[in-house]
Amino acid sequence: MRIDLHCHTCYSRDSLTTLDALLHWMDRRGIDMVAITDHNTVAGALAFHDQAPERIVVGEEIKTTRGELLGLFLQEEVPPGLSPEETIARIRAQGGLVGASHPLDRHRSEAVGIETLESIRHEMDFLEVLNARVTVARDNQLAEEMAARWNLPGSAGSDAHAPFEVGQAYVDIPAFDGPQEFLDNLARGQVVGQLSSPFVHVCSTYAKWRKRLKVR
């Protein structure tokens with residue numbers, strides 16, 4: 001099955017993607033499942049789970065004091081602004097898995113970076129080794145090399161903020177039942193995809209401005 005492990009919806013501050021639009025583009029791109037990983041909330045993921053429970057891994061992209069981490073198989077929101085260690089503990093407490101999104105992206109301040117990764121690597125379940133929104137391909141390659149060196153499974157995701165981005169990167173893995181089987185299968189899976197055009201960042205910038213204007 002094909003799983004895009006990093007997607008955003010209109011529940012993120014920088015996306016306008018509705019849940020119906022996400023489902024439409026999943027079907028159009030042949031994506032069996034997605035992990036909805038909205039910024040600092042699981043509201044969209046839980047709503048999608050009510051709509052299509054067999055096609056969703058409930059996740060969250062969580063801002064810590066030292067960059068962003070991914071939580072998968074969550075049941076409730078992990079608040080932002082905690083240390084990486086406390087964030088990991090909150091994910092673990094609900095039976096979730098811990099990863100790092102775009103961990104070495106040189107152009108994103110939200111990337112955790114090598115120093116933080118070194119300090120928490122024994123607590124990690126996976127690293128994102130293909131993020132379609134990374135602008136320098138070498139940054140994905142470095143993450144892949146690091147995952148191999150640490151014997152961690154690699155994940156892949158479009159990091160979609162607009163519907164047409166869905167499926168730009170994904171993992172192809174056997175079907176699974178629960179977090180542990182997912183992790184076992186991820187280690188045997190295949191990372192597939194390519195980088196998006198840098199112009200996709202215009203979509204998220206536009207979404208942020210549109211939401212700000214609506215609030216005003």
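Residues numbered from 1 in each chain as written. Predicted model: local features only at pLDDT ≥ 70, side-chain atom pairs only at ≥ 80, totals over all residues. Heavy atoms only, no water.

**With respect to the packing of helix α3 (residues 84-93) against helix α4 (residues 113-120)**
- Two numbers describe how α3 lies on α4: the axes approach to 11 Å, and their chain directions differ by 50°. When the axis of α3 is compared with that of α4, the two are oblique. α3 and α4 meet at a crossing whose hand is right-handed. Of α4, the residues touching α3 (which contributes P84, E85 and I88) are T116, S119 and I120.
- Classifying every residue of the contact of α3 with α4 by side-chain character gives three nonpolar, two polar and one charged. (Axes fitted to C-alpha atoms, helices over the stretch in contact; angles between N-to-C directions. Helix = DSSP H or I, 4+ residues; strand = E, 2+ residues; numbered from the N terminus. Parallel < 35°, antiparallel > 145°, perpendicular 65-115°, else oblique. Left-handed = near helix turned anticlockwise from the far one by under 90°. Contact = heavy atoms within 4.5 Å. Nonpolar A, V, L, I, M, F, W, Y, C, P; charged D, E, K, R; others polar.)

**Description of the sheet that holds strand β9 (residues 190-193)**
- The nine strands lie next to each other as β7-β6-β5-β4-β3-β2-β1-β8-β9, forming an open sheet whose pairing is mixed. Since the sheet does not close on itself, it has two edges, and those belong to β7 (154-157) and β9, each with one partner. Across the sheet, the mean angle from the axis of one strand to that of its neighbour is 30°, orientation sign disregarded.
- Bridge count for strand β4 (residues 67-72) against strand β5 (residues 97-100) is three bridges, and the pairing is antiparallel. Each residue of the ladder has a partner; that of L70, found in β5, is G99.
- Helix-sheet contacts for helix α1 (residues 19-29) involve β1 (2-7) and β2 (33-36), and the interaxial angle to β2 is about 145°. (Pairing = 2+ DSSP bridges.)

**Concerning the packing of aromatic side chains**
- If you walk through the whole model with that rule in mind, you get three aromatic pairs.
- A ring pair is formed by F176 and F182, whose centres lie 5.1 Å apart and whose planes are at 70°; its orientation type is edge-to-face.
- The buried category is assigned to F176, whose relative accessible area is 18%.
- Following the ring pairs from residue to residue traces out a cluster consisting of F73, F176 and F182. (Phe/Tyr/Trp six-rings, centres within 6.5 Å; stacked < 30°, edge-to-face > 60°. Buried < 20%, exposed > 50% of the residue type's maximum accessible area, 1.4 Å probe, protein only.)

**Quick notes on the pairing of strand β3 (residues 56-64)**
- The buried fraction of β3 amounts to eight of the nine residues, a majority that puts the element mostly inside the structure.
- Relative to β3, β2 runs parallel, the two being bridged by three bridges. Bridge pairing in β3 links V34 to I56.
- Alignment of β3 against β4, held across six bridges, turns out to be antiparallel. Bridge pairing in β4 places E61 opposite L70.
- Adjacent in sequence and paired antiparallel, β3 and β4 are bridged by two residues.

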